Amino acid sequence: SPVEPAGRASWRETMPAPGPDPAVAAAGIGPTASADLAEGIDTVILLPAQDVVRFVALGDAGQGNDLQYKVGDAMGAICAIRGCDFAVYLGDNFYNDGVNDIDDPQFEEKFELPYAGLSFPFYVTLGNHDYGAGGSGYEFWKAPYYIEYTDRSDKWVFPAPFFRVDAGVVEFFSLDTNAIVW
């Protein structure tokens, strides 16, 4: 069950103890989804209650090129003025074929460095390119690397392929639609 944070806690203080994700089966080419997807989402991140939640949402970002750095800089400039509580990272985080292991340099080149100036968490969802195969997205063995990276990063938050973030006035669901399709 989720832990209610005291004051303005970091996302790590609000997460339940890690454990197996029942929404993901370790069979065949990929996970299976229950008839009721919300039923399988038992990983919940509770954020401190507030009246206004400010966030940025972006996807198809993972090229590590000049444009990605410019987006990171623009996010920093806007968030410095208006405030940002977190980012929602919507998938295709690592073009063209995702990462190959927990030590893949793409985590640094295509995530940490372009967003180095940002100090808020990124709640991550995977896309078809994150699962490799040139975007066909069937290399499901890659998913644990993204989950494991959560423990290495101060801002990457991907506790499970299916999770939700409860920010009080708004709630976000991370659904691995690529896995559902397969």
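Note: the structure precedes this text.
Computed from a predicted model, the values in this text were never measured in an experiment.

Cut-offs and rules
Chains are numbered independently. Their residues run from 1 in the order of the written sequence. Since the coordinates come from a predicted model, pLDDT governs what is reported: local features require at least 70, and pairs of side-chain atoms require 80 or more to be given and counted, while whole-chain, interface and lining totals use all residues. For side-chain calculations, the full set of non-hydrogen atoms in the structure is used, while hydrogens and water are omitted. Buried Ala, Val, Leu, Ile, Met, Phe, Trp, Tyr and Cys residues form a nonpolar core when they are joined through side-chain atoms within 4.5 Å. Categorising residues by exposure relies on relative accessible area from a 1.4 Å probe, with only protein chains included: less than 20% of the type maximum marks a residue as buried, more than 50% marks it as exposed, and the intermediate range marks it as partly exposed. Helix and strand definitions follow DSSP, with helices as H or I runs of at least four residues and strands as E runs of at least two, each counted in order from the N terminus. At least two DSSP bridges between two strands are required for those strands to pair. Between N-to-C directions, angles cover 0 to 180 degrees, with each direction set by a line fitted to C-alpha atoms, over the stretch in contact for helices.

J.: Could you give an account of the nonpolar core, with specific residues and numbers?
T.: Formed by 38 residues in total, the largest nonpolar core has its most connected members in L58, Y89, Y115, F120, F122 and W156. Of all the secondary-structure elements, those providing two or more residues to this core are β2 (55-58), α2 (66-82), β3 (86-89), α3 (106-112), β4 (122-124), α4 (143-149), β5 (156-157) and β6 (163-166). The element best represented in this core is β3, accounting for four residues.

J.: Which residues make up the pairing of strand β7 (residues 171-174), and what values go with them?
T.: When a strand is regular, its side chains alternate between the sheet's two faces. Covered by surrounding structure in β7 are F172 and S174 only, the residues E171 and F173 on the alternate face being uncovered. Bridging between β6 and β7 involves four bridges; their strand directions are antiparallel. Pairing of F163 across the sheet is with S174, part of β7. Counting the residues between successive antiparallel strands, the hairpin from β6 to β7 contains four residues, one of them, G168, with a positive phi of roughly 85°.

J.: Could you give an account of the sheet that holds strand β1 (residues 44-46), naming the residues involved and the relevant values?
T.: Taking strand neighbours across the sheet as the criterion, the three strands line up as β1-β6-β7 in an open arrangement whose pairing is mixed. This sheet does not close on itself; its edge strands, each paired only once, are β1 and β7. The sheet shows a mean angle of 15° between the axes of neighbouring strands, direction not considered. Looking at chain direction, β1 and β6 are connected through three bridges and run parallel. Across the sheet, the residue bridging to V44 is R164, located in β6.

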